[in-house]
Amino acid sequence: MQDSSTAQLIFSIEELVSYVSGVCTLSPGDLIFTGTPSGVGFTREPPVFLKPGDTVEVEIEKIGVLSNAVVAEEASPAVAPKLAS
């Protein structure tokens, strides 16, 4: 539903790395999350939300694709209803 690239960032990669490294130490492998591009589901009419069976993919060119299936959350035994004995 959303499609964007670093070419559409408000701040350059250099500005982002400079700012973040002024707040904390960056190490190899760290990720900097910058927000979300247009197309957010809850602002659509009607709203669209992720549901079990959907797939979320994030791609970094020349590195690869991270793909995750959306699954329903299982009830925790601590919050599961108690059965009558």
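Residues numbered from 1 in each chain as written. Predicted model: local features only at pLDDT ≥ 70, side-chain atom pairs only at ≥ 80, totals over all residues. Heavy atoms only, no water.

Some thoughts on the overall build of the protein chain
Phase 1 of the analysis: Looking only at helices and strands, the protein chain features one helix and two strands.
Phase 2 of the analysis: Along the protein chain, helices (α) and strands (β) appear in the sequence α-β-β when read from the amino end.
Phase 3 of the analysis: When the 85 residues of the protein chain are sorted by exposure, 5% land in the buried category.
Phase 4 of the analysis: If you take every contact in the protein chain between residues at least 6 apart in sequence, the share linking residues at least 24 apart comes to 21%. (Helix = DSSP H or I, 4+ residues; strand = E, 2+ residues; numbered from the N terminus. Buried < 20%, exposed > 50% of the residue type's maximum accessible area, 1.4 Å probe, protein only. Contact = heavy atoms within 4.5 Å.)

Digging into the layout of surface pockets
Phase 1 of the analysis: Reported here for the largest pocket is a volume of approximately 1,900 Å³.
Phase 2 of the analysis: Lining the largest pocket are 40 residues; nearest its centre among them are Ser4, Gly35, Pro37, Val58 and Glu59.
Phase 3 of the analysis: Mapped onto the lining of the largest pocket, the elements with two or more residues apiece are α1 (13-23), β1 (55-60) and β2 (64-69).
Phase 4 of the analysis: With six residues, β1 is the largest single contributor of residues to the lining of the largest pocket.
Phase 5 of the analysis: Residue composition of the lining of the largest pocket, grouped by class: 21 nonpolar, twelve polar and seven charged. (1 Å grid on protein atoms, 1.4 Å probe; cavity = no way out; pocket = protein on both sides within 12 Å on 5 of 7 lines; lining within 4 Å. Points joined across faces, edges and corners; volume = space filled by probe spheres on them. Nonpolar A, V, L, I, M, F, W, Y, C, P; charged D, E, K, R; others polar.)

Structural notes on the pairing of β1
Phase 1 of the analysis: As defined by bridge partners, β1 adjoins β2 across six bridges and the pair is classed as antiparallel. Residue threonine 55 lies in a different strand from β2, and its bridge partner there is alanine 69.
Phase 2 of the analysis: Counted along the chain from β1 to the antiparallel partner β2, the turn is three residues long, and its residue lysine 62 has a positive phi close to 70°. (Pairing = 2+ DSSP bridges.)

Considerations on the environment of isoleucine 60
Phase 1 of the analysis: Following the sequence through the fold, isoleucine 60 ends up in strand β1.
Phase 2 of the analysis: Separated by 55 residues in sequence, isoleucine 60 and serine 5 have C-alpha atoms that sit 9.2 Å apart.

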